[in-house]
Structure formats: C-alpha cells, structure tokens
Amino acid sequence: MTWEWGVIWQYLPRLMDGAWLTMELVLVSGLIGITMAIPLSLMRASSLPWVKVFPFIYIYFFRGTPLLVQIFLVYYGASQFDAVRDSILWPILKQPYWCAIIAFSLNTAAYSAELFRSAIQAIPVGEIEAAEAMGMSKSVQVQRIILPRAFGIALPAYGNEVILMLKGSALASTITLLDLTGMARTIIARTYTPLEMFLAAGMVYLAISAVIIGLFRFMEYRFNRYQYYHHTDTPKNLDPLLRDPHIDQK
Amino acid sequence: MSHSQATDKMMVELRNLNKWYGEFHVLKNINLEVKQGEKIVICGPSGSGKSTMIRCINHLEEHQKGDIIVNDIPLNEDIKNIEAIRKEVGMVFQHFNLFPHLTVLENCVLAPIWVKKMPRKEAEAQAMELLERVKIPDQALKYPGQLSGGQQQRVAIARSLCMNPDVMLFDEPTSALDPEMIKEVLDVMIELATEGMTMLCVTHEMGFAKTVADRVIFMDGGQIVEENEPHEFFNNPQHERTQLFLSQILQH
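Residues numbered from 1 in each chain as written. Chains lettered and ligands numbered in written order. Predicted model: local features only at pLDDT ≥ 70, side-chain atom pairs only at ≥ 80, totals over all residues. Heavy atoms only, no water.

**Some points on the confidence of the model for chain B**
- When the pLDDT values of chain B are averaged, the result is 92; 98% of them are 70 or greater.
- Both scores are available for the predicted complex, with the pTM at 0.87 and the ipTM at 0.92. (pLDDT = per-residue confidence, 0-100.)

Given below as structure tokens:
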C-alpha cells in the first residue's frame, strides 16, 4: 500500500470545517443539555414520588436506548406525523442539523441529570441542616449551597460526559451532516484513502479532547479551589479574585 | 456558683413532647421550660434522645405529639412559623457543618444577606466583629478546610451569631475536637453565656456545666430523668441512673 500524506494536507481545511461543526454540535447541545439537566436533577433528588417520577422515566428512556436510535427517531420519526409537518416547528425539524442538536441535547440532559442527582445527594446532610437551621428557604439553599456544591462535586464526571458526547457526535454523520466523521467519509469516498483520512480525523478528535480535558482541569481548579489550598496558605496567597477590598483595608 | 441571668420571659417551652422513629419511641413526654438568659446543659448516655430533643426545637426533626413554643411562636406545620423560629434560634453542630466551598467570611454573611436581606457591607462588618469576638478575624478569607477543628467550630459559632439569635442550641460542640482545642471553644461559649445568651447545650463537658449552667438535665431512654441546679446535680444526684452515669463519666 502507499501512504498519501498529500491527501491529508490537501483536504485538511475541509476536515477542519467538519471539526468546527462537531465542536458546534457538542457546544450547543451541551449548553441546552445542562440547562435541562439542572431542573431534572433537582426533581430527581426530590423525596416526593410524584416529582421524581417524570425525570426517572425520562432518564430511563434516554439512557436505555442507543443514541443512534434516538437520532433516527427525531430525524425520520418526527416527519411521519402530519401534525409535525404542519407545525411552525417544521422548518427546524426538517433540518438534520437541528435534529442532531435535539437528539444530543435530550441524550446528554439525561446523563447529566443523573450525574448531578448523585452529586446533590453526595452533599453532606449536615451542610443542608446548617442552612436550614439558619432559616434559609429552599430556593436560597438551592442557589447558594446545593447547586454550587453539586457542580463542584459533579465537575470531573461531567467532563467525562462531555468527552463521551464529543465521540457520540460522530453519529451526526448518519443523518447527512458533514461533521468531522461525515467529512472524513465524504473525502474517502472521493479519494479512497480511508487509512489516512480516518487517522487524520482521529487525531483531530484527540486534539479536541485535549482541549476539553484542559478546560475541565481549569474549571475544576476554579470551582473547587478550596480543596487545593493548604492550611498554611495565608490570605495573601489566596486568589486575588476572592479578596474583598473592603476587608483588605482592615 | 454563677449568678443566674434568667428573666421571667419564657424563651423555649416544650409541652408533652413525643417523637417516634417508626415504632421506636425516642422522646417520651418531655416537658421543659427555658427562660430568657437561662443556660441549660443536657447530658445523658448516647441514644437517650438529647440531640433529638434540641433538634426538634428548630424543626430539624419533626415531632409527632405535644407543643413547642419558641419566643411565643408555636412550632407547627406552617412553614412561616418554622422559618421565623429558625431566624431566632442559632445552632452549633458536632461536626461544624461549615460550607466548604465558601470562605469563612462568606459562611458568616450568607444567611444575613439572603435570609435577613441585610446589605452586604453591613453583613461583612458584623461578621468581622463576630469573628473578632471568637478571636479569628485573621482567618476571614480562608476556607474552612484550612482551619483546625477548634477554629472551625468557633467560625460556626460566629456564623450562628451573625443571625442575632435569641437562643443558641449546641449539639455536642466539642465532641469532635482534639482535647487541646476543646478549651478554645468552651472559652467562647462561656463568654457567650456571661453575656446573657439563652443556651441549651448537649455536652459532656461537666466543668462547663458547673461553671455556666443554671440547670443540668439528665436524659435516659427518651425521658428527662433528673433536673437540678449543677451543685445539687453533681453532689447529690437523686436517681440511681444519674448516679451510675456520673460515676462512669467522672471516674477518670
């Protein structure tokens, strides 16, 4: 066999176009997913059976079926209904891009909700009791204690979920989207250089993963910084963002 | 013997308090009256219901029968009453229960800002004042995890005082501390007592009980077995169970 470096260089710009779409899919559906996941996880962590039943069924469905099936259900399934085709949402639902966004968002929302649920339940009961004992209402507790604490606890696992999403996004290529995988397959169909192209695509995925890993490292350090300080650190060494000028004057 | 600062105003009243965990009867017909400025020390063997009793006062535990009245507010299902009582009742826990993701100062200003709607500047000034009172103003910008147990517990006391409570509940505040840190926490508590705070302390620090308590209560099996002023309680316990308990904890 011959190894065609030239093909990789020639088509690299096209491959990068695909990479941008991949990143866009992950970013947009990730943001929608996390927005959905927060209320779902709070409902899931509730002690009231009628509150947690809906998120339970939702999470059960989206974790229990393949992502590919979910994509097909949205892309091929939705158009089967006249009501959908006649609705104002049809201009959106007929585009594969939005179908992929919808399927990815619903899918990652389910996984993230389960992650956040376990993080919420991992917060020591004593901290919640302390908040209650000070008369904080449930909504203040959620905003000031429960969500920030749960976010810090869930962050490493959530980074994992985003990387899984990145790789899952390759399935967008099955509904005609030219994401990184879709683009690689299109180029291969034209040039018949599967080894070179898939290797190149794989390398780009690795590079994107590296960025995501770095990003989450950074966020972990920011959000969980209290875990990184040693008891000998003086306030002077602490993060300048934490310092309050009002106090510094004292 | 400390001079009692108790006034005639009733601060905490438990009438015929009963609580069950499923089948298990944890609190049996508890009757207790605490006047403003009174200091009560509650002791007893583990599982006797002493923590459960004080946790009922701010509704961290739900009671099934009887009445709880705090500063004339009846504790019932009404969430408004529960929140009103919690604003007036401070609590210090065995394991401090500080919020680890917030600095010491943030721990202290959170409730005043979000519950009492106090302006941040004012809340911070008050928090610094109270941190000075518990002798750790220099730790204000650290995280709880950077402090020793004794320091954390003093922060927890300051955090509680930031809500200007009328009553303070202490649930074994020194039980999780190294021996040499117990003193610094007790010193703060004694100071608080001399300033006239109404206090209910579950503790086995008998020295503390002798110095500040107006009354010592001994609980066993979910009941108040004996109740007396400290001198009588320690020198002349009436019940056999109290005598046994005191001989166990004072023999070393």
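Further notes follow.
**Some details on the side chain of N81 of chain B**
- Following the sequence through the fold, N81 of chain B ends up in helix 2 (residues 79-88).
- Only 3.3 Å separates the side chain of N81 of chain B from the side chain of N76 of chain B, close enough to count as a polar contact. (Helix = DSSP H or I, 4+ residues; strand = E, 2+ residues; numbered from the N terminus. Polar contact = N/O pair within 3.5 Å; in protein donor to acceptor, adjacent residues only side chain to side chain.)

**Describing the sheet that holds strand 7 (residues 167-171) of chain B**
All names here are of chain B.
- The 6 strands are arranged 6-7-8-3-9-10 in an open sheet whose pairing can be described as mixed. Edge positions in the sheet fall to strand 6 (89-92) and strand 10 (223-228), since each has one partner strand and no second. On average, each strand axis in the sheet is inclined to that of its neighbour by 20 degrees, with strand direction left out of account.
- For strand 9 (residues 215-220) and strand 10, the ladder comprises 5 bridges, and the chain directions are antiparallel. Residue pairing in the sheet places V216 in a bridge with N228 of strand 10.
- Where helix 9 (residues 240-250) meets the sheet, it contacts strand 3 (39-43), strand 9 and strand 10, and its direction lies at approximately 100 degrees from that of strand 9. (Pairing = 2+ DSSP bridges. Axes fitted to C-alpha atoms, helices over the stretch in contact; angles between N-to-C directions. Contact = heavy atoms within 4.5 Å.)

**What about the UniProt feature "transmembrane region" (unreviewed entry) in chain A?**
All names here are of chain A.
- Residues annotated in UniProt with the feature "transmembrane region" (unreviewed entry) correspond here to residues 20-42, 54-75 and 198-218.
- Its end C-alpha atoms 24 Å apart, residues 54-75 is made of 91% helix and 0% strand.
- Between the first and last C-alpha atoms of residues 198-218 the distance is 30 Å; the span itself is 100% helix and 0% strand. (UniProt positions renumbered as here; feature names shortened; annotations may be inferred.)

**Looking at the pairing of strand 8 (residues 198-202) of chain B**
All names here are of chain B.
- Burial of strand 8 is extensive: 5 of the 5 residues sit out of reach of the surface.
- By the alternation rule, side chains of strand 8 split into T198, L200 and V202 and M199 and C201, which are all buried.
- Relative to strand 8, strand 7 is paired through 5 bridges, and the arrangement is parallel. Among the inter-strand pairings, D171 is bridged to a residue of strand 8, identified as V202.
- Note that the unit made of strand 7, helix 6 (residues 179-194) and strand 8 has a crossover that is right-handed. (Buried < 20%, exposed > 50% of the residue type's maximum accessible area, 1.4 Å probe, protein only. Right-handed = clockwise from strand over helix to strand, strands pointing away.)

**Things to note about the packing of aromatic side chains**
All names here are of chain B.
- Taken as a whole and assessed by the stated rule, the structure comprises 14 aromatic pairs over all chains.
- Pairing F218 with F245 gives two aromatic rings, centres 5.0 Å apart and planes at 45 degrees, and the pair type is tilted. On the criterion of sequence distance, the pair formed by F218 in strand 9 and F245 in helix 9 is long-range, its members being 27 residues apart. Of the two residues examined, F218 and F245, each falls in the buried class. (Phe/Tyr/Trp six-rings, centres within 6.5 Å; stacked < 30°, edge-to-face > 60°.)

**Section: the sheet that holds strand 5 (residues 73-74) of chain B**
All names here are of chain B.
- Strand order in the open sheet formed by 4 strands is 2-1-4-5, with antiparallel pairing between adjacent strands. Unpaired on one side and paired on the other, strand 2 (24-35) and strand 5 mark the two borders of the sheet.
- Strand direction decides the pairing type here: strand 4 (residues 65-70) and strand 5, joined by 2 bridges, are antiparallel. Following the sheet pairing, V70 is matched in strand 5 by I73.
- The strands touched by helix 1 (residues 50-57) are strand 1 (10-21), strand 2 and strand 4; relative to strand 1, the strand with the most contacts, the crossing angle is about 120 degrees.

**Thoughts on the nonpolar core**
- Ranked by internal contacts, the top residues of the largest apolar core, which has 52 residues, are F170, M189 and M199 of chain B.
- The element contributing the most residues to this core is helix 6 of chain B, with 8 residues.
- With 45 residues, the next largest nonpolar core counts I34, F116, L166 and M183 of chain A among its residues. (Core = buried A, V, L, I, M, F, W, Y, C linked by side-chain atoms within 4.5 Å.)

**A look at a nonpolar patch on the surface**
Residues and elements named next belong to chain A.
- Residues M1, W3, W5, W9, L195, L199, M203 and L206 make up a contiguous nonpolar surface patch of about 980 Å² in total accessible area.
- When contributions to the nonpolar patch are tallied by element, the ones reaching two or more residues are helix 1 (5-44) and helix 10 (194-223).
- With 4 residues, the single largest contributor to the nonpolar patch is helix 10.
- Position of L199 among the secondary structure elements: in helix 10.
- For L199, a relative accessible area of 41% puts it in the partly exposed group. (Patch = residues over 30% accessible without salt bridge, like charges linked within 9 Å, V, L, I, M, F, W, Y side chains within 5 Å. Areas by Shrake-Rupley, 256 points an atom, 1.4 Å probe, with all protein chains shown as cover. Salt bridge = Lys/Arg side-chain N within 4 Å of Asp/Glu carboxyl O.)

**What about empty space enclosed by the protein?**
All names here are of chain B.
- Counted by the stated rule, this structure contains 3 cavities of 30 Å³ or more.
- Considered as a void within the structure, the largest cavity measures approximately 50 Å³ in volume.
- Taken together, R133, V134, I157, L161, V188, E191 and L192 form the lining of the largest cavity.
- The set of elements that each furnish at least two residues to the lining of the largest cavity consists of helix 5 (149-161) and helix 6. (1 Å grid on protein atoms, 1.4 Å probe; cavity = no way out; pocket = protein on both sides within 12 Å on 5 of 7 lines; lining within 4 Å. Points joined across faces, edges and corners; volume = space filled by probe spheres on them.)

**Concerning the packing of helix 1 of chain A against helix 2 (residues 49-64) of chain A**
Residue and element names in this part refer to chain A.
- Here helix 1 crosses helix 2 at 125 degrees, and the two axes come no closer than 7 Å. Overall, the two elements helix 1 and helix 2 adopt an arrangement that is oblique. When the axes of helix 1 and helix 2 are compared, the crossing they make is left-handed. Contact residues: M36, L40, M43 and R44 in helix 1; V51, K52, F54, P55, F56, Y58 and I59 in helix 2.
- Considering only residue class, the contact of helix 1 with helix 2 consists of 9 nonpolar, no polar and 2 charged. (Parallel < 35°, antiparallel > 145°, perpendicular 65-115°, else oblique. Left-handed = near helix turned anticlockwise from the far one by under 90°. Nonpolar A, V, L, I, M, F, W, Y, C, P; charged D, E, K, R; others polar.)

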